[in-house]
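Next come the chains, spelled out residue by residue.
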Amino acid sequence: MTFTSRYPFSASHRLHSKQLSEDENWQVYGRCNNPFGHGHNYWLEVTVSGQPDAVTGMLVDRTKLDACVQEEILSRVRHTNLNEQVPELRDLVPTTENVAFVFLDFLKQGWAKHFPMQQARLDRVRIYETRNNRFEIKANEV
Amino acid sequence: MLITRRVEFSASHRCAVASWSDEKNHEVFGADANPYGHGHNYVLEVTLSGHVDEVTGMIVDLKDVKTVLNREVVEVMDHRYLNAEVKPFDEIVPTTENIAREIWRRIVPHFSSDRVQLHEVKLYETENLYVEYRGE
């Protein structure tokens, strides 16, 4: 069984690769290459897999999950400029593909601290950049 | 990694098998067999799988995905009566299952490279009913 919780956050970014020329950047990223950046209301979904506890009936303690996501991800990215203020993204283009990789890594690094005893496993990270575009990565994919 | 693009289109259809009697169509398809047809706001989610390009940080340019979906699906089906105006639904019943298969058939050639493959077509007929198709 899986359990998924959704966390909205807002941030800005600019898609620009240091490995490409100004013209190439504009060609590849279009308006997303605007030097001043632009923002999104993202939705982050974190999925946990496991079995419901025989006593509590819960697959994961959602208060702990909320605290984990808050500490490991949201506190670092909410209302930030992803290019400038998230060190792990500084050398990457903050496409939502790359943001998904980095967020998954944040969760993996902090998971054992938040869930030392639990059987619940991190299963998937999904990020909606807009209502119409979403990106997902399985925890065992990298 | 998976990437999903969502688009909407509205269309009307009638579910009935041409060679069957009105009674039998009504028995099988119920209100969907209404001879005057009826419509839905369809929501289509197309999921692609692929690897992230090292330089651009992208699996695929979403503008290109949008262009394909608009050309192959929205411009073809939006505000149409599927049975009369969109092939092959003059010959097969435009159930949500068959529409999903037809959408897969139309777009799969555009997402069959080494870098990106069509993973799933998910078509919502209403908020409460959807079909998932993976080309099986």
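Summary of the structure given here. As the structure is a prediction and not an experimental result, all values here were calculated from the model. (Residues numbered from 1 in each chain as written. Chains lettered and ligands numbered in written order. Predicted model: local features only at pLDDT ≥ 70, side-chain atom pairs only at ≥ 80, totals over all residues.)

### What about the overall build of chain A?
Tallying secondary structure elements over chain A gives four helices and four strands in all. Reading the helices (α) and strands (β) of chain A from amino to carboxyl end gives β-α-β-α-α-α-β-β. Within chain A, the fraction of its 142 residues that count as buried is 33%. Long-range contacts, defined here as pairs at least 24 residues apart, represent 67% of the contacts in chain A between residues at least 6 apart. (Helix = DSSP H or I, 4+ residues; strand = E, 2+ residues; numbered from the N terminus. Buried ≥ 20, exposed ≤ 12 C-beta atoms within 10 Å, placed from the backbone. Contact = placed C-beta atoms within 7 Å.)

### With respect to the interface of chain B and chain A
Facing the 14 residues of chain B at the interface are 19 residues of chain A. Listed by contribution, the elements that provide at least two residues to the side of chain B that touches chain A are β1 (2-13) and α2 (62-77) of chain B. Per element, the largest residue contribution to the side of chain B that touches chain A is five residues, and it comes from β1 of chain B. Pairing between strand β4 (residues 133-138) of chain A and β1 of chain B: four bridges, direction antiparallel. Of the residues in β1 of chain B, the one forming a bridge with E136 of chain A is L2 of chain B. (Pairing = 2+ DSSP bridges.)

### Overview of α2 of chain B
Residue and element names in this part refer to chain B. Between its first and last C-alpha atoms α2 spans 21 Å; for 16 residues at 1.5 Å apiece the expected length is 22 Å, and the two agree. Remark: the principal bend of α2, roughly 45°, maps to N70. What α2 keeps buried is the set V65, L69, V73 and M77. Backbone geometry just after α2 places H79 at a positive phi near 55°. (Expected span 1.5 Å × (residues − 1). Bend = angle between axes of the 7 residues up to and from the residue.)

### Section: the environment of R14 of chain B
Residue and element names in this part refer to chain B. On the secondary structure map, R14 appears in the loop between β1 and α1 (22-29). For the pair R14 and G57, spaced 43 residues apart in sequence, the C-alpha to C-alpha distance is 44 Å. Those residues in contact with R14 that lie beyond four places of it in its chain are A33, N34, P35, G37 and N83.

### Quick word on the pairing of strand β4 (residues 116-126) of chain B
Looking down a regular strand, the side chains alternate between one sheet face and the other. Residues and elements named next belong to chain B. In terms of strand pairing, strand β2 (residues 38-50) meets β4 through eight bridges, oriented antiparallel. Of the residues in β4, the one forming a bridge with L48 is L118. Two elements, β4 and strand β5 (residues 129-133), share five bridges in a ladder whose sense is antiparallel. By the bridge assignment, Y124 is partnered in β5 with Y130. Here β4 folds back onto β5 in antiparallel fashion, the turn holding two residues.

### Notes on the environment of A67 of chain A
Tracing the backbone shows A67 of chain A in helix α2 (residues 62-77). Linking A67 of chain A and H114 of chain A, residues 47 residues apart in sequence, is a C-alpha distance of 8.2 Å.

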